[in-house]
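Listed here are the chains, written in short residue letters.
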Amino acid sequence: VDLPADLERALVDAVGAEHVRPGTEEPGACVDWTGRFVGESPAVVRPADTEQVAAVLAACSAAGATVVPQGGNTGLVGGSVPLKGEIVLSLVRLRRLDDVDRSARQVTAGAGVTLGDLQQHARAAGFAYAVDLAARDTATVGGSVATNAGGVHVLRYGDTRRQLVGVEFALSDGRVVRHLSGLEKDNTGYDLAGLFCGSEGTLGVVTAARLRLVPRRAERVAALLAFAETADALAAAQAIRDRTPDLEAAELFFDDGMRLVCEAFSLTSPFADSSAVYLLIECAADDDPTTRLGSLIEETPASDAAVAHDHDRRLALWSYRELHTSAINTVGAPHKLDVTIPLDRMPAFATEIRARIGELGPGVRVWLFGHALDGNLHVNVTGLAPDDERVEELVFPLVVSLGGSISAEHGIGTAKKRWLHLARTQTEIEVFRAIKLALDPAGILNPNVLL
Ligand code: FAD
Ligand code: MLT
Ligand code: ZN
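As the structure is a prediction and not an experimental result, all values here were calculated from the model. (Residues numbered from 1 in each chain as written. Chains lettered and ligands numbered in written order. Predicted model: local features only at pLDDT ≥ 70, side-chain atom pairs only at ≥ 80, totals over all residues. Heavy atoms only, no water.)

### Quick notes on the environment of Asp440
Link 1 in the chain: Summarising the element assignment, Asp440 is placed in the segment after helix H16 (426–439).
Link 2 in the chain: In sequence terms Asp440 and Arg365 are 75 residues apart; their C-alpha atoms lie 40 Å from each other.
Link 3 in the chain: Sequence-distant contacts of Asp440, that is, excluding residues within four places in its chain, are made with Ser172, Thr202 and Leu445. (Helix = DSSP H or I, 4+ residues; strand = E, 2+ residues; numbered from the N terminus. Contact = heavy atoms within 4.5 Å.)

In structure tokens form, the structure reads like this:
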């Protein structure tokens, strides 16, 4: 795909020649993290600040060129890649990171700051940034706002939307909106930060965010528990949540996933015997929560438990869960469905989809894991061609019939847009289209996503 000469000149004027690169020289920007979605781009453009983002968008708008905003490119619904020859607008150089505002307990961060750097910055000031996920060292503030990322701490602190106080963004025509004052109370009309959160790059380009911080807990403990039944693991997670305010994470996975992670990364399970289901619990408090958690574990039907208080052993327990995504990629480019199911229906749902997806073909395998107390199950399927959507056809209607959602946290992207009508009414989708038309009338932003 070619870049018209006028547009190339305008982009070079906006960001400098070294930051306008042909897509052929940036193959990593044209394929998603799973390898399922591959495209091509005439140019990957990396502005350094909000003004340059605005200038790039104004140039693209004038030329009628379509644009895909991209942060860390860790998104899992194919939304961050140029599937039909779009220009990639990479935000990774927007690394503004202001001092922590201690009195407000907030910080302003540029779109390109990674979640890991933001967490580190908050910690150094005695706070924490609540949103945490395994892609923390690559995923960006802008991408996490655009997807309303969830992660492993939602049960205690909520998703990205709950942390977002204000946003700065550039519209597709290059106009910039700044609303970063961070006032906790500010009822002056539409909540644009809330609207941009989860908009998946379709309404404008997030250039900075004003984010809430939470207290930094001095002590934490992780425990990996083994169970014979999914329902027992979920009941244990609920019981622990009901008995302690310290609970920060409750993650679910299964024996096949544990084996795959161990095989892919040469790890050994902490348990001599394997079990059907595993629950990873983390508690954090100002004083050491280990004894309190120990007594709560005693009351669960766990058949085995590994408890870790020191940093390295805690991370070792986390790796069995966090390495699922990478381990599944070693089997093949997966179809990733991330669904919410009412908790009491999750065990039967897991059993049913294992059986039904298994019938799709001899090489088809299903890997389940998720954020237990959010009712969020990640249904990953390997052994299907990228465009073979039988698993989506099978799982999404079932999820909706059970009162669940077809996207718990990754968004709709390109992967699920055919099924948006299952989750949203016709009128809601008409409202979406009206908002899109008002903010991006020429439709140049992320045309393959959501609608
Ligand atoms: P990208 O992948 O670059 O982009 C994602 C979407 O946002 C695209 O539609 C893109 O166009 C748009 N976008 C990006 N930046 C901007 C911007 N500045 N302005 C406007 N639009 C923009 N997600 C979860 O919710 N929970 C998890 O637990 C979780 N764990 C993960 C673990 C691994 C190992 C991996 C690989 C991914 C995981 N994800 C998870 C998915 C992903 O990390 C998140 O969606 C993350 O928020 C994406 O950030 P990013 O910077 O990589 O965005
Ligand atoms: C997770 O919870 O690990 C993520 O959402 C990533 C994934 O679904 O693979
Ligand atoms: Zn997840």
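Structure shown, so let's carry the discussion forward.
### Digging into the coordination of the zinc ion (ligand 3)
Link 1 in the chain: Those protein atoms acting as donors to the zinc ion (ligand 3) are His371 (NE2), His378 (NE2) and Glu409 (OE), and they sit at 1.8 to 2.1 Å.
Link 2 in the chain: One chain supplies every donor for the zinc ion (ligand 3), spaced along it as H-x6-H-x30-E. In this pair, His378 is assigned in strand E17 (residues 376–382) and Glu409 in the loop between helix H14 (390–401) and helix H15 (420–423), connecting sequence segments 31 residues apart. Here the two residues His378 and Glu409 agree in accessibility, since each one is buried. (Donors = N, O, S within 2.8 Å, 3.2 Å for Na, K, Ca; no water. Buried < 20%, exposed > 50% of the residue type's maximum accessible area, 1.4 Å probe, protein only.)

### Describing the site of ligand 1
Link 1 in the chain: Around ligand 1 sit 36 residues in total, of which Pro69, Gly71, Thr74, Gly75 and Thr140 are the nearest.
Link 2 in the chain: A distance of 2.9 Å separates an oxygen atom of ligand 1 from a polar backbone atom of Gly150.
Link 3 in the chain: Interatomic distance of 3.0 Å between a side-chain N/O atom of Asn446 and an oxygen atom of ligand 1.
Link 4 in the chain: Protein burial of ligand 1: of its 960 Å² of free accessible surface, 96% is covered by the chains.
Link 5 in the chain: Elements with a contribution of two residues or more to the shell around ligand 1: strand E3 (67–70), helix H4 (141–147) and strand E9 (205–212).
Link 6 in the chain: The dominant element in the shell around ligand 1, judged by the number of residues it contributes, is H4, at five residues.
Link 7 in the chain: Class assignment for the residues of the shell around ligand 1 results in 13 nonpolar, 21 polar and two charged. (Near = heavy atom within 4 Å. Polar contact = N/O pair within 3.5 Å; in protein donor to acceptor, adjacent residues only side chain to side chain. Areas by Shrake-Rupley, 256 points an atom, 1.4 Å probe, with all protein chains shown as cover. Nonpolar A, V, L, I, M, F, W, Y, C, P; charged D, E, K, R; others polar.)

### Quick look at the confidence of the model for the protein
Link 1 in the chain: Residues with a pLDDT of 70 or more make up 100% of the protein, whose mean pLDDT is 98.
Link 2 in the chain: Averaged pLDDT values for the elements of the protein fall to 96 in helix H13 (residues 346–358) and rise to 99 in H4. (pLDDT = per-residue confidence, 0-100.)

### Points about the sheet that holds E17
Link 1 in the chain: Taken together, seven strands build an open sheet; the order of strands is E14-E11-E13-E12-E16-E17-E15 and the sheet is antiparallel. The outermost strands of the open sheet, each flanked by one partner alone, are strand E14 (304–308) and strand E15 (335–340). Within the sheet, the average angular offset between the axes of one strand and its neighbour, ignoring direction, is 15 degrees.
Link 2 in the chain: Pairing analysis gives five bridges linking strand E11 (residues 219–227) to E14, with the strands arranged antiparallel. The residue bridging Leu224 from the neighbouring strand is Ala306, located in E14.
Link 3 in the chain: Across the face of the sheet, helix H12 (residues 324–331) comes into contact with strand E12 (247–254), E15, strand E16 (365–371) and E17 while running at roughly 170 degrees to E16. (Pairing = 2+ DSSP bridges. Axes fitted to C-alpha atoms, helices over the stretch in contact; angles between N-to-C directions.)

### Some words on the packing of aromatic side chains
Link 1 in the chain: What the rule picks out here adds up to four aromatic pairs.
Link 2 in the chain: One aromatic cluster in this structure is built from Phe253, Phe271 and Tyr278.
Link 3 in the chain: Above the plane of the ring of Phe254 lies Arg354, whose end atom (NZ or CZ) is 4.9 Å from the centre. (Phe/Tyr/Trp six-rings, centres within 6.5 Å; stacked < 30°, edge-to-face > 60°. Lys NZ or Arg CZ within 6 Å of the ring centre and 35° of its normal.)

### Quick word on the site of ligand 2
Link 1 in the chain: Taken together, Leu76, Arg321, Thr325, Lys336, Phe369, His371, His378, Glu409 and His410 make up all the residues around ligand 2.
Link 2 in the chain: Measuring from an oxygen atom of ligand 2, one finds a side-chain N or O atom of Arg321 at 2.7 Å.
Link 3 in the chain: For ligand 2, whose accessible area on its own is 270 Å², the fraction buried by protein is 87%.
Link 4 in the chain: Across the shell around ligand 2, the residue classes tally to two nonpolar, four polar and three charged.

### Things to note about the nonpolar core
Link 1 in the chain: By size, the foremost hydrophobic cluster in this structure holds 53 residues, and its most contacted members are Phe349, Ile357 and Val379.
Link 2 in the chain: At six residues, the largest contribution of residues to this core is made by H14.
Link 3 in the chain: Residues in contact with Val379, not counting those within four places in the same chain, are His335, Lys336, Leu337, Val339, Phe349, Ile353, Ile357, Val366, Trp367 and Leu368.
Link 4 in the chain: Phe127, Val131, Val145 and Leu213 belong to the second largest nonpolar core, which has 28 residues in total. (Core = buried A, V, L, I, M, F, W, Y, C linked by side-chain atoms within 4.5 Å.)

### Structural notes on H12
Structurally, the α-helix is built with 3.6 residues per turn, so residues lying three or four positions apart point the same way.
Link 1 in the chain: Taken residue by residue, H12 has His324, Thr325, Ala327 and Ile328 as its buried positions. Down the axis of H12, the buried side of the element spans an arc of 165 degrees, and every buried residue falls inside it.
Link 2 in the chain: Downstream of H12 by one or two residues, Gly332 has phi in the positive range, about 160 degrees. (Arc of directions from axis to C-beta.)

### Description of helix H10 (residues 290–298)
Link 1 in the chain: Of all the residues in H10, the buried ones are Leu293, Leu296 and Ile297. Viewed along the axis of H10, the buried residues span an arc of 100 degrees, placing them on a single side of the element. Every exposed residue of H10 that faces more than 90 degrees away from the buried side is listed here: Thr291 and Glu298.
Link 2 in the chain: Tucked into the core, H10 has its buried residues touching E11, helix H8 (230–243), strand E13 (277–285) and E14.

### Examining the sheet that holds strand E1 (residues 20–21)
Link 1 in the chain: Spatial ordering of the open sheet is given by E1-E2-E4-E3, a layout of four strands whose pairing is mixed. Every other strand in the sheet has two partners, leaving E1 and E3 as the edge strands with one partner each.
Link 2 in the chain: Summarising the sheet, E3 and strand E4 (residues 87–90) pair through four bridges and their orientation is parallel. Residue Gln70 lies in a different strand from E4, and its bridge partner there is Ser90.
Link 3 in the chain: Sitting on the sheet, helix H2 (residues 50–63) is in contact with strand E2 (44–45), E3 and E4, with an inclination near 165 degrees to E4.

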